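Below are the chains, spelled out letter by letter.
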Amino acid sequence: DAGVTQSPTHLIKTRGQHVTLRCSPISGHKSVSWYQQVLGQGPQFIFQYYEKEERGRGNFPDRFSARQFPNYSSELNVNALLLGDSALYLCASSLIGMGNTGELFFGEGSRLTVL
Amino acid sequence: AQSVTQLGSHVSVSEGALVLLRCNYSSSVPPYLFWYVQYPNQGLQLLLKYTSAATLVKGINGFEAEFKKSETSFHLTKPSAHMSDAAEYFCAVKRGTGNQFYFGTGTSLTVIP
């Protein structure tokens, strides 16, 4: 079975631009989460979506938004890019429900560089 | 608030030596705890998880971790390091009411031949 897939794998943008990152979860997983990992740091929680509804939001500005589609894939959008948005953006999917610990399965990430 | 602290941002061990990576958690209730590994330019891979079923948890690649409530610790160990263990290791705690994970700052493991 395919794991979590993310696209694009690498991208370069300039300050002020907008970026859209995409994620396809593992088949059967209805929860998708987004994390930002700045170089040398642990991943920081941005959003969680479950059944197409936002179920959690981390401490990120409104420039960050996301959505989940009926097929459970997801997009992360970042507007008005800043240099500090340069990071590895990780998507993770999980099973949510009784008896599940909800462990995260990560994709390989989208590395965003803002110049 | 639930969080984890990883002591030691860099750990070096000789090949064949014991690996010990430290993680302490802060939580008002028994948490779900995880160890993830990240190889260069890759995503995170689950090593093992604690879900209150057993205090000694065995994971993949010979790693294990012991949950010690009295010490609020969940240290990761491996009896004998292999060159392929060189990577970044993250301890994480999951919030009980949701699915938000809080990661430590990571420990970079170097294995010396």
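Residues numbered from 1 in each chain as written. Chains lettered and ligands numbered in written order. Predicted model: local features only at pLDDT ≥ 70, side-chain atom pairs only at ≥ 80, totals over all residues. Heavy atoms only, no water.

Caption draft 1: Summary view of the side chain of Thr107 of chain B. Residues and elements named next belong to chain B. As for its placement among the helices and strands, Thr107 is situated in strand β11 (residues 107-112). Of the residues examined, Thr107 reaches a relative accessible area of 1% and is grouped as buried. Here Gln6 takes part through its side chain, which lies 3.3 Å from a polar atom of the side chain of Thr107. When residues no more than four places from it in sequence are discounted, the contact partners of Thr107 are Gln6, Leu7, Gly8, Ser9, His10, Val11, Leu21, Ala87, Glu88 and Tyr89. (Helix = DSSP H or I, 4+ residues; strand = E, 2+ residues; numbered from the N terminus. Buried < 20%, exposed > 50% of the residue type's maximum accessible area, 1.4 Å probe, protein only. Polar contact = N/O pair within 3.5 Å; in protein donor to acceptor, adjacent residues only side chain to side chain. Contact = heavy atoms within 4.5 Å.)

Caption draft 2: Expanded view of the sheet that holds strand β3 (residues 19-24) of chain A. All names here are of chain A. An order of β1-β3-β8-β7 is seen for the four strands of this open sheet, with the pairing classed as antiparallel. If you trace the sheet from one side to the other, it starts and ends with β1 (5-7) and β7 (64-68), each paired once. Within the sheet, the average angular offset between the axes of one strand and its neighbour, ignoring direction, is 15°. Sheet analysis places β1 next to β3, joined by three bridges and oriented antiparallel. Its bridge partner lying in β3, Ser7 is registered against Arg22. (Pairing = 2+ DSSP bridges. Axes fitted to C-alpha atoms, helices over the stretch in contact; angles between N-to-C directions.)

Caption draft 3: Structural view of the pattern of salt bridges. Residue and element names in this part refer to chain A. All chains considered together, the criterion is met by 10 salt bridges over all chains. Note that Glu51 and Lys52 form a salt bridge whose closest N and O atoms lie 3.7 Å from each other. On the basis of relative accessibility, which here comes to 26%, the residue Glu51 falls in the partly exposed class. We classify Lys52 as partly exposed; its relative accessible area is 37%. Its salt-bridge partner being Arg63, residue Asp85 comes within 2.8 Å of it at the nearest N-O pair. One end of the pair, Asp85, is in the loop between β8 (74-78) and β9 (87-94); the other, Arg63, is in the loop between β6 (53-57) and β7, with 22 residues separating them in the sequence. Residue Asp85 shares its accessibility class with Arg63, and that shared class is buried. One network of salt bridges, in which partners are shared, links Arg22, Arg67 and Glu75. (Salt bridge = Lys/Arg side-chain N within 4 Å of Asp/Glu carboxyl O.)

Caption draft 4: Region of interest: the sheet that holds strand β1 (residues 3-7) of chain B. Residues and elements named next belong to chain B. Strand order in the open sheet made by the five strands is β1-β3-β8-β7-β6, with antiparallel pairing throughout. Unpaired on one side and paired on the other, β1 and β6 (56-58) mark the two borders of the sheet. The mean angle between the axes of side-by-side strands here comes to 20°, regardless of whether they run parallel or antiparallel. Across four bridges, strand β3 (residues 19-26) lies against strand β8 (residues 73-78) in antiparallel orientation.

Caption draft 5: Inspection of the layout of surface pockets at higher detail. Computed from the structure, the largest pocket encloses a volume of approximately 280 Å³. Lining the largest pocket are 16 residues, and of these Gln37, Leu39 and Gly40 of chain A together with Gln38 and Glu88 of chain B sit closest to its centre. Among the elements that line the lining of the largest pocket, the one with the most residues is strand β9 (residues 87-94) of chain B, at three residues. Tallied by class, residues from the lining of the largest pocket come to seven nonpolar, seven polar and two charged. (1 Å grid on protein atoms, 1.4 Å probe; cavity = no way out; pocket = protein on both sides within 12 Å on 5 of 7 lines; lining within 4 Å. Points joined across faces, edges and corners; volume = space filled by probe spheres on them. Nonpolar A, V, L, I, M, F, W, Y, C, P; charged D, E, K, R; others polar.)

Caption draft 6: Representation of the packing of aromatic side chains. Under the definition given, this model contains 15 aromatic pairs over all chains. On the numbers, 5.6 Å between centres and 65° between planes, the contact of Tyr35 of chain A with Phe45 of chain A is edge-to-face. With Tyr35 of chain A in strand β4 (residues 31-37) and Phe45 of chain A in strand β5 (residues 44-50), this pair connects stretches of sequence that are 10 residues apart. Each member of the pair Tyr35 of chain A and Phe45 of chain A is classed as buried. Centre to centre, the rings of Tyr25 of chain B and Phe67 of chain B are 5.6 Å apart; their planes meet at 20°, and the pair counts as stacked. (Phe/Tyr/Trp six-rings, centres within 6.5 Å; stacked < 30°, edge-to-face > 60°.)

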